[in-house]
Amino acid sequence: MQLAQIKFNTFESVSDEDCQQRIIAAKNKLGKNLVILGHHYQHELVYRHADYTGDSLKLSRVVESLDAKYIVFLGVHFMAEVANILSRPDQLTILPDLAAGCSMADMANLSKVERSYRELSKVLSFDEVVTPVTYINSAADLKAFCGEHGGIVCTSTNATKIIEWSFKQREKVLFFPDQNLGRWSGHKMGIPLDEMPVWDPDLPLGGLTEAEIKKAKIFLWKGHCAVHQMFRLQNIERFRQEHPDGKVISHPECPFEVCAHSDYVGSTEYILKTVTEAPKGSKWLVGTELNLVNRLANQMKAEDKLVQFMSHVICECSTMARIDPQHLAWCLENIVNNEPVNIIKVPEDEAKLAKLTLDRMLQVS
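The rules we used
Residues numbered from 1 in each chain as written. Predicted model: local features only at pLDDT ≥ 70, side-chain atom pairs only at ≥ 80, totals over all residues. Heavy atoms only, no water. Helix = DSSP H or I, 4+ residues; strand = E, 2+ residues; numbered from the N terminus. Rg over C-alpha atoms; globule rule 2.2 N^0.38 Å. Buried < 20%, exposed > 50% of the residue type's maximum accessible area, 1.4 Å probe, protein only. Contact = heavy atoms within 4.5 Å. Areas by Shrake-Rupley, 256 points an atom, 1.4 Å probe, with all protein chains shown as cover. Lys, Arg positive; Asp, Glu negative; His and termini not counted. Charge placed at Lys NZ, Arg CZ, Asp CG, Glu CD. Expected span 1.5 Å × (residues − 1). Pairing = 2+ DSSP bridges. Axes fitted to C-alpha atoms, helices over the stretch in contact; angles between N-to-C directions. Parallel < 35°, antiparallel > 145°, perpendicular 65-115°, else oblique. Nonpolar A, V, L, I, M, F, W, Y, C, P; charged D, E, K, R; others polar. Phe/Tyr/Trp six-rings, centres within 6.5 Å; stacked < 30°, edge-to-face > 60°. Lys NZ or Arg CZ within 6 Å of the ring centre and 35° of its normal. 1 Å grid on protein atoms, 1.4 Å probe; cavity = no way out; pocket = protein on both sides within 12 Å on 5 of 7 lines; lining within 4 Å. Points joined across faces, edges and corners; volume = space filled by probe spheres on them.

1. Points about the overall build of the chain
Working step 1: Looking only at helices and strands, one finds 16 helices and 14 strands in the chain.
Working step 2: For 365 residues, the compact-globule estimate of 2.2 N^0.38 gives 21 Å, and the chain sits close to it at 21 Å.
Working step 3: Principal-axis analysis of the C-alpha atoms gives the chain an extent of 65 × 55 × 35 Å.
Working step 4: Per-residue burial for the chain yields a buried fraction of 57% across its 365 residues.
Working step 5: Pairs at least 24 apart in sequence give 68% of the contacts found in the chain among residues at least 6 apart.
Working step 6: On the chain, roughly 15,600 Å² of surface is accessible, and the fraction owed to carbon and sulfur atoms is 49%.
Working step 7: Treating the 40 positive side-chain charges of the chain as one cloud and the 47 negative ones as another, the clouds have centres 3 Å apart.

2. Focus on helix H15 (residues 325–336)
Working step 1: Spanning 12 residues, H15 covers 16 Å between terminal C-alpha atoms, matching the ideal 16 Å at 1.5 Å per step.
Working step 2: Extensive coverage of H15 is indicated by the burial of 11 of its 12 residues.
Working step 3: When we look at burial in H15, the residues that qualify are Pro325, Gln326, His327, Leu328, Ala329, Trp330, Cys331, Leu332, Glu333, Asn334 and Ile335.
Working step 4: In the core, the buried residues of H15 are packed alongside helix H1 (16–30), strand S1 (34–39), helix H2 (44–47), strand S3 (70–74) and strand S4 (92–94).
Working step 5: Immediately downstream of H15, the backbone of Asn338 shows phi near 60°, a positive value.

3. As for the sheet that holds strand S7 (residues 172–176)
Working step 1: Judged by pairing direction, the sheet is parallel, and its five strands sit side by side in the order S6-S5-S7-S9-S8 without closing on themselves. Lying at the two open borders of the sheet, with one neighbouring strand each, are strand S6 (152–154) and strand S8 (198–199).
Working step 2: When strand S5 (residues 130–135) meets S6, the two strands line up parallel, connected through three bridges. Directly across from Val133, in S6, lies its bridge partner Ile152.
Working step 3: Each of S5, S6, S7 and strand S9 (218–221) touches helix H8 (residues 159–169); the most contacted strand, S6, lies at about 160° to it.

4. Side note on the packing of H8 against helix H9 (residues 179–188)
Working step 1: Packing of H8 against H9 leaves a shortest axis separation of 9 Å and a crossing angle of 70°. Comparing their axes, H9 and H8 come out roughly perpendicular. Listed contacts from H9 to Ala159, Thr160 and Ile163 of H8 are Leu181, Ser185 and Lys188.
Working step 2: When grouped by side-chain class, the residues that make up the contact of H8 with H9 number three nonpolar, two polar and one charged.

5. Things to note about the packing of aromatic side chains
Working step 1: Taken as a whole, this structure holds eight aromatic pairs when the rule is applied.
Working step 2: Judged by centre distance (5.6 Å) and plane angle (80°), the rings of Phe231 and Phe309 are edge-to-face. Placement of Phe231 in the loop between S9 and helix H11 (233–242) and of Phe309 in strand S13 (residues 306–309) is noted, with a sequence separation of 78 residues between them.
Working step 3: One aromatic cluster is present, formed by Tyr117, Phe126 and Phe145 through successive ring pairs.
Working step 4: A cation over a ring is seen here: Lys217 above Phe167, with NZ or CZ 4.4 Å from the ring centre.

6. Observations concerning the pairing of S7
Each regular strand carries side chains that alternate between the two faces of the sheet.
Working step 1: Most of S7 sits out of view: five of its five residues are buried.
Working step 2: Where S5 and S7 come together, five bridges link them in parallel fashion. Residue pairing for S7: Val130 is matched across the bridge by Lys172.
Working step 3: Where S7 meets S9, three bridges bridge the pair, whose relative direction is parallel. Note that in S9 the partner of Phe175 across the bridge is Leu220.

7. Considerations on empty space enclosed by the protein
Working step 1: Applying the stated criterion to the full structure yields one cavity of 30 Å³ or more.
Working step 2: Considering the residues around the largest cavity, the lining is formed by Ser56, Leu59, Ser60, Val63, Phe73, Phe78, Met79, Val82, Ala83 and Ile136.
Working step 3: At the level of elements, helix H3 (56–63) and helix H4 (77–86) are the ones that each hand at least two residues to the lining of the largest cavity.
Working step 4: Partitioning the lining of the largest cavity into residue classes produces eight nonpolar, two polar and no charged.

8. Side note on the layout of surface pockets
Working step 1: Estimates place the volume of the largest pocket at around 360 Å³.
Working step 2: Taken together, 30 residues make up the lining of the largest pocket; nearest its centre are Tyr41, Asn137, Cys225, Glu253 and Met320.
Working step 3: Elements represented by at least two residues in the lining of the largest pocket include exactly H3 and H4.
Working step 4: In terms of residue class, the lining of the largest pocket is built from 14 nonpolar, 13 polar and three charged.

Structural measurements only, silent on function.
Shown next, in the form of structure tokens:
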């Protein structure tokens, strides 16, 4: 029986503890009709309820094998869009809080990317010379743009492999929206920094000369992750003074000098695997989002491993943190009520082009 939609304001005063019980009760009622996906950056209060956890690539792979009618994503908007694109038409993807976005993804929008396409086309034939590569941390319409122009999607796990694929298609790459991931990936491939100029979409010709455009191998979009941008070389230097035998591991969204002075650089899955498999008693400085580091630090105490957060200031993804127990309980109870809320639906024509790029990525990976 269909009932009236439950308004969120009825949950605003509900305690975290009560929400935990209501989440569990709703999950039990929904059974196999529900799957909850959780990104590693989510707060423990909701992360604990995820049926599958992982980074963007891992969760993208999971989506295509799910049978549940309802897919609830503990993450941000672009992740829920990917789940919607890769899932079946009869499945519904739900984001508990629609305000859970991504500041990096917001640094590249379709109008700016299309303007950049026109600007680059003044100097070279874009569709013959440039492969557009969008980080998965981007809106669905940018993935569709890449699909329309022979491009592809990447994640922090496979960025280097994806760029290698891109160079086999065309001689240059436009990489957006994260310049740090693009720069580090290109550096690993041996591309000189002066052949990876920053492209400023708000300036004519991206702020570059025609000569710089012709010389460039990778155009790095002027964008970054606000969290990872906070990490600094002095954080690493201080750790090495205190723990000469310690190791530093960073996410490739960190600034170039942080990655260059780290012992290991990789995705969230890579970070978790590396630290988990390290010898007992080892010491680690980790440069990625706070919730992941805190969770890892607690897990590693049993093996006497020190896991330390890289920054001296709190670097939590504020938009990831918007999904709290109240929003999760609210959306689950509305599903039980047969009145699902916050359904993410990418327009069909956009989804078709975006799926091209995601399929290419999954095949290359």
